[in-house]
Amino acid sequence: TFIAHGRFTFNALGYVQSLTLEDYNYEALDGPNQDDTVNDDTDTNTTLYGHVGDGDYVRTPEGQPDELWFGLEGTQWPREVPAALVRYNAETLEFLGVHPYPMSNHTTMPWLAFDTAQKAAYSSNWTESNNELIVFNGTTLEWEMNKNIPICNIPPEYQEHGLRFVQGGAMDNLHAPRHPVPHWLRIPHKNDDNDKNSKPPSGLLY
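**Topic: the overall build of the protein chain**
The helix and strand inventory of the protein chain stands at 1 helix and 14 strands. Split into buried and exposed, the 206 residues of the protein chain put 42% on the buried side. A fraction of 45% describes how many contacts in the protein chain between residues 6 or more apart in sequence connect residues 24 or more apart.

This is the structure in structure tokens:
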């Protein structure tokens, strides 16, 4: 698994013409797998994490480098190790830190969205029932275990088991400086490919 960053080039009319990749980190998972917070084994080659999920660009206070935050999952399926949030320098792609979710039964983190106004990141499980969003404090860099956000007005067909197979989310912070709340959280929801009676994919807008 590697991560990369690049820049768009534009034509004379101002339309995006291409995306030019400028830098790569081919050892993106070495940092979290060798970090003392997740791996106290003397064998530093032990691989715990193997899948980087959807992430977000995080603007930091002036004078500090911006960051890239991603959801991080284990190498095996079903997942066995707790999911984590991993941070990289947005310009150099250098590994900055990994923050495992404290509950061992939360093993998936397929998406992550950063809220610039609240300075917090939100995510959820992949296969488990989802009736709430987990919250990562962008100031303290800690999981807010007692501040989960309930998901309200779930469509009737999903109320019994909650939302599953959520593939991504994004925050609309266009009006955040003037109106801190509410924000829009867009969650594309994938239907169950193994269930012939499942509903088609639906977009949930909060």
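On we go.
**What to know about the pairing of strand 6 (residues 95-100)**
For strand 5 (residues 84-89) and strand 6, the ladder comprises 5 bridges, and the chain directions are antiparallel. Paired with valine 86 across the bridge in strand 6 is valine 98. With antiparallel pairing between neighbouring strands as the criterion, strand 5 and strand 6 make up a hairpin whose turn holds 5 residues, including leucine 93 at a positive phi of roughly 65°.

**Description of the pattern of salt bridges**
Enumeration according to the criterion identifies 4 salt bridges in this entry. When the shortest N-O distance is used, the salt bridge between arginine 87 and glutamate 67 registers 2.9 Å. Here the residue arginine 87 occupies a position in strand 5, and glutamate 67 occupies one in strand 4 (residues 67-74), the gap between them amounting to 20 residues. Classification of arginine 87 by relative accessible area gives buried; the value is 10%.

**Some thoughts on the environment of tryptophan 111**
If you trace the backbone, tryptophan 111 turns up in the loop between strand 6 and strand 7 (113-115). The spacing of tryptophan 111 and glycine 71 is 40 residues in sequence and 5.8 Å in space, taken between C-alpha atoms.

Definitions and cut-offs
Residues numbered from 1 in each chain as written. Predicted model: local features only at pLDDT ≥ 70, side-chain atom pairs only at ≥ 80, totals over all residues. Heavy atoms only, no water. Helix = DSSP H or I, 4+ residues; strand = E, 2+ residues; numbered from the N terminus. Buried < 20%, exposed > 50% of the residue type's maximum accessible area, 1.4 Å probe, protein only. Contact = heavy atoms within 4.5 Å. Pairing = 2+ DSSP bridges. Salt bridge = Lys/Arg side-chain N within 4 Å of Asp/Glu carboxyl O.

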